Amino acid sequence: MNIQYTEKLKFVKNFLRQNDAKLIAHYYVDEELQKLAEDTGGCVADSLQMAKFGSQQKESKLIIAGVRFMGETAKILNPEKNIYVIDKDATCSLDESCQLEPFQKFCNSFPDREIVVYANTSAKIKAISDWVVTSSIAIPLVENLASQNKKIIWAPDKYLGAYIQDQTGIDMKIWNGACIVHEEYKTIELKKLITHLGDCDVLVHPESPRSIIQLADVVGSTTKLINASQKSKSKNIIVATEKNIFYQMKKLSPEKNFFEAPTEGEGATCKSCGRCPWMDLNTYKKLINIFTGNNELLLDELVIRNAKKSINRMIEFEDKFYQESTRVS
Ligand code: CIZ
């Protein structure tokens, strides 16, 4: 631990205690904020686990290091707490791609279908949906709905939607959204890197295009990819998701070499280059000034009530699904 970090940690510990606050971070924010969350008794996790962890804390304020929809999910599940986001401009291209009015119109044209939306959507979208899902639970949930002869609308990620369809054969009406980080991975360059490394495992998030997923050894949510990186027998791991996740992977397997899946190369340049520009808006400086700005996240009560129904349905499904799968295995 360097001196500068030790001083920052001391400051943040006091700052959180004095303000009755807990710091909760996503795997995609920078290493320093992830460490601060861990070392102050907060947590680093995916969006759903962040919100669930928040519900178990005694502090009256939760500080979310992540993007807006993560803060909103925390507010929906913890309406009695004050939820703060480090930067209110930190959004998500998937969330932005799915605005209320056009999405409502899209849904109205398929009135016989259940609306299933990915966690990366606004509270307003969640409030008009039947189900919210994370990537870790999307396939079993869609399969479960299809087994009851329910037809499905999927939003907003077209690549994750296509992946679910490829895996299950279930027809869905899919919204045309994409994540600007995952959409940029380059197939030819990834093939070259695999050939160059020889012994390697390729871990891919399902928000990536099909041609990238086809090269994967493991496809899954952030948590699944972190676990897979630890279990992998290869010394070299190529990762196709936001590169701040490397902090958790390297901590678990310091002896392994981690490579970013290429986002540029022959005939191609990158815009996001494997970094989410909105996750990058989360900084230490903004964290320690959070209570001096307009950073509290407030939501309409009706939106909270309706969005909570679709999130809670997912949580109940998830709990039952994992109980059943542990019983079987
Ligand atoms: O739900 C999350 O945290 C995101 C954005 C992805 C994942 O796979 O966990």
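Being a predicted model, the structure only gives us computed values, none of them experimental.

1. Thoughts on the site of the ligand
In the vicinity of the ligand, the residues found are His-26, Asp-46, Ser-47, Ala-119, Asn-120, Thr-134, Ser-135, Ser-221 and Thr-222. Shared between two domains, the shell around the ligand takes at least three residues from each, and those domains are domain 1 (3–89 + 280–298) and domain 2 (94–178 + 308–328).

2. With respect to the sheet that holds strand E3 (residues 61–65)
Spatially, E2-E1-E3-E4 is the arrangement adopted by the four strands of the open sheet, whose pairing is parallel. If you trace the sheet from one side to the other, it starts and ends with strand E2 (43–45) and strand E4 (82–85), each paired once. Geometrically, the sheet is characterised by an average inter-axis angle of 25° between neighbouring strands, direction not taken into account. As defined by bridge partners, strand E1 (residues 21–26) adjoins E3 across five bridges and the pair is classed as parallel. Paired with Ile-24 across the two strands is Ile-64, which belongs to E3. On top of the sheet, helix H2 (residues 31–39) reaches E1, E2 and E3; it is set at about 135° to E1, its chief contact.

3. Quick word on the environment of Glu-189
Of note, Glu-189 is situated in helix H10 (residues 187–197). With 74 residues separating them in the primary sequence, Glu-189 and Thr-263 have C-alpha atoms 8.0 Å apart.

4. So, the domain arrangement of the chain
Once the domains are mapped, the chain shows domain 1 (3–89 + 280–298), domain 2 (94–178 + 308–328) and domain 3 (182–275). Taken over C-alpha atoms, the centre of domain 1 sits 27 Å from the centre of domain 2. Within the residue set of the side of domain 1 that touches domain 2, elements represented by two or more residues are helix H3 (47–55) and helix H4 (68–77). Broken down by element, the side of domain 1 that touches domain 2 gets its largest block of residues, six residues, from H4. Considered class by class, the residues forming the side of domain 1 that touches domain 2 number four nonpolar, two polar and three charged.

5. What to know about the pairing of E4
The pairing of E3 with E4 spans four bridges and is classified as parallel. The partner of Leu-62 across the bridge, within E4, is Ile-83. Once the chain exits E3 it traverses H4 before rejoining the sheet at E4, and the crossover so formed is right-handed.

6. Remarks on the sheet that holds strand E9 (residues 201–204)
The pairing of strands in a sheet happens through backbone hydrogen bonds and is either parallel or antiparallel. Taken in spatial order, the four strands line up as E10-E9-E11-E12 in an open sheet, and their pairing is parallel. One side of each edge strand has no neighbouring strand; the edge strands of this open sheet are strand E10 (218–219) and strand E12 (257–260). Lying over the sheet, helix H12 (residues 222–231) contacts E9, E10 and strand E11 (236–240), oriented at roughly 170° with respect to E9.

7. A word on unusual backbone geometry
At the junction of Ala-155 and Pro-156, the peptide bond is cis and its omega measures out at -10° in the coordinates. Positionally, Pro-156 belongs in the loop between strand E7 (151–155) and helix H9 (158–168). One non-glycine residue, Asp-20, lies in positive phi territory at about 50°. Along the chain, Asp-20 falls in the loop between helix H1 (3–18) and E1. Assessed through the 11 C-beta atoms surrounding it within 10 Å, Asp-20 is described here as exposed.

About the criteria used
- Residues numbered from 1 in each chain as written.
- Predicted model: local features only at pLDDT ≥ 70, side-chain atom pairs only at ≥ 80, totals over all residues.
- Near = placed C-beta within 6 Å.
- Domains from an automatic or database assignment.
- Pairing = 2+ DSSP bridges.
- Helix = DSSP H or I, 4+ residues; strand = E, 2+ residues; numbered from the N terminus.
- Axes fitted to C-alpha atoms, helices over the stretch in contact; angles between N-to-C directions.
- Contact = placed C-beta atoms within 7 Å.
- Nonpolar A, V, L, I, M, F, W, Y, C, P; charged D, E, K, R; others polar.
- Right-handed = clockwise from strand over helix to strand, strands pointing away.
- Buried ≥ 20, exposed ≤ 12 C-beta atoms within 10 Å, placed from the backbone.

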